Amino acid sequence: MKPLPSFVLSARWILPIEGAPVENGRLLVRGGVILGIEPQTSAPVDFALGNVAVLPGFVNAHTHLELGPIPNLEIDGYEDQVSWLERVIQQRMQTDEAAMQVQVERGITASLAAGTTALADITTAGRSEPGLVASALRGIVFSEVIGLKQARGEQTSSLACDWLHSPEPGRSRIRRGLSPHAPYSTAGSVYENAVNQCKTLATHLAELPEELELLACGTGRLRDFLERINAWDPTWKPLSDHPADYLRKGELRQADWLVAHGNYLKPADFWQFRPQAAPADQRVTVVYCPRTSARFGHGPHPYRDMIKEGAVVCLGTDSLASAPSLSILDEIRFLSRLNPETEPSLLLTMGTLGGAWALRIDDEVGSLVPEKKADLAIVELLEDGIADSDPARLVVEGNGNVVATMIDGRFVFRAYRNS
Ligand SMILES: [Zn+2]
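Reference entry: report on the structure contained in this document. Note that residues are indexed from 1 along each chain, following the sequence as it is written. pLDDT decides what is reported in this predicted model: residues at 70 or higher carry local features, side-chain atom pairs at 80 or more are listed and counted, and totals for whole chains, interfaces and linings draw on all residues regardless.

**Regarding the nonpolar core**
For this analysis, nonpolar core means a set of buried Ala, Val, Leu, Ile, Met, Phe, Trp, Tyr and Cys residues linked through C-beta atoms within 7 Å. With C-beta atoms placed from the backbone, a residue is buried if 20 or more other C-beta atoms are within 10 Å of its own, exposed if 12 or fewer are, and partly exposed between those counts. Formed by 119 residues in total, the largest nonpolar core has its most connected members in Ala53, Val54 and Val287. Counting residues per element, this core draws most heavily on helix H11 (residues 344-358), at eight residues. When residues of this core are assigned to domains, at least three fall in each of domain 1 (7-56 + 367-414) and domain 2 (58-358). Beyond its immediate sequence surroundings of up to four residues, Ala53 is in contact with Ala11, Trp13, Leu15, Val379, Leu381, Pro391, Leu394 and Val395. What counts as a helix is a DSSP run of H or I of at least four residues, what counts as a strand is a run of E of at least two, and both are numbered from the N terminus. The domain boundaries here were taken from an automatic or database domain assignment. Two residues qualify as a contact pair if the distance between their C-beta atoms, derived from the backbone, is within 7 Å.

This is the structure:
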């Protein structure tokens, strides 16, 4: 294998995320690792990038690469999520293995082109792992376990655990985990089995009002839906009528959790997302997927209150079945328009360092500081009409594209051949 590259690049702005932005800065990279950032000098550079911002690569902390687009059937401004779930199941049943792999490959290419350098992907029985391992991306593949009925829960757990304990494909930047789907679709025993097998977990939690009703009363549109698809178990009892309890009952507290959505988490739940509340260095993170939440009319999301309470909240795109692209920068720009009062630098931190922390790769990536890997997103600055010199605002409120992406100092995407 060729040695990792050494170079100096210059850019109008370098945003290290940890530390102040540097205008007209130079980023020094040796062997794929950051040496430092310094002001521009007359010394020659290998890449003079011009009017761009250089950021740490984006981290997409929740996606399902294997799912393809599902058209939006919006009525009165948003779409009914229970009907959408039914259409996702139909799509899965109609997609064969080869088509799923094509979808995963497309997702990887789109992610790199969006400046994403690490992601957390939820997949069926580990299927996206070969594609991700062959790519340059870092991250975690979670195999999904699902089923209220005992037989279905055991079947999906057995497939996922066979994969989890199978030999890993050589040296890889991709780790493995398990993902109990959601409290409304997955028996408590399946959650408990997952934590006994693996301490790297992901789930969908407190996502929709129908979930709260099903847990509290055993009734509602989700129950009708589960009966219709023959997935309802009349003997099922939830672990708790409160979604956040799924992260803290017994052994379930002894794992890292990537918690997708959390749209309906209550202020009384926020404490358990603080790193100090973890019993032994576990990391429990909420992954907010702004465009997906908006598509189904949820909100407002409590991310700012959670962050004020000391929780780590990061960002995900969810899948193309609910979001129009796999770009964290698109999520950040959407969220900035939704909440213009949120500091752009906070949104960029959620989309980079926050996600790296959630995936436990923050010692390697997530910010541009010496000794971290040169995983970079390079964003063109088109700031027409933005009367502000804050570079985070120029990135977030501008509409410049990602023009290049680097992992370990190697280009993994370039919009222009000579950029
Ligand atoms: Zn999801």
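Okay, back to it.
**Description of the pairing of strand S3 (residues 33-39)**
Bridge count for strand S2 (residues 22-30) against S3 is six bridges, and the pairing is antiparallel. Looking at S3, one finds that Arg30 is bridged to Val33. Two strands pair under a simple rule: DSSP has to find at least two bridges between them. Connecting S2 to the antiparallel partner S3 that follows it, the hairpin turn spans two residues, and Gly31 within it adopts a positive phi of roughly 60 degrees.

**Looking at helix H2 (residues 97-113)**
For H2, built from 17 residues, the straight-helix expectation of 24 Å at 1.5 Å per residue is met to within 8% by its first-to-last C-alpha distance of 25 Å. Residues of H2 that are buried: Met100, Gln103, Val104, Gly107, Ile108, Ser111, Leu112 and Ala113. The elements touched by buried residues of H2 are strand S6 (58-63), strand S7 (116-123), helix H3 (129-134), strand S15 (402-407) and strand S16 (410-414). Within two residues after H2, Gly115 carries a phi angle of roughly 85 degrees, on the positive side. By definition here, a helix of n residues has an expected span of 1.5 Å times n minus one.

**Quick notes on the packing of helix H6 (residues 209-217) against helix H7 (residues 221-228)**
Axis lines are fitted through C-alpha atoms, for helices just across the contact stretch, and the angle between N-to-C directions can take any value from 0 to 180 degrees. Here H6 crosses H7 at 85 degrees, and the two axes come no closer than 7 Å. By the angle class used here, H6 and H7 are roughly perpendicular. Contacts between H6 and H7 involve Glu210, Glu211 and Leu214 from the former and Arg221, Leu222 and Arg223 from the latter. Think of it as three bins: nonpolar holds Ala, Val, Leu, Ile, Met, Phe, Trp, Tyr, Cys and Pro, charged holds Asp, Glu, Lys and Arg, and polar takes everything else, Gly as well. Of the residues belonging to the contact of H6 with H7, the class tally is two nonpolar, no polar and four charged. Each angle gets one of four labels, with under 35 degrees taken as roughly parallel, over 145 as roughly antiparallel, 65 to 115 as roughly perpendicular, and the rest as oblique.

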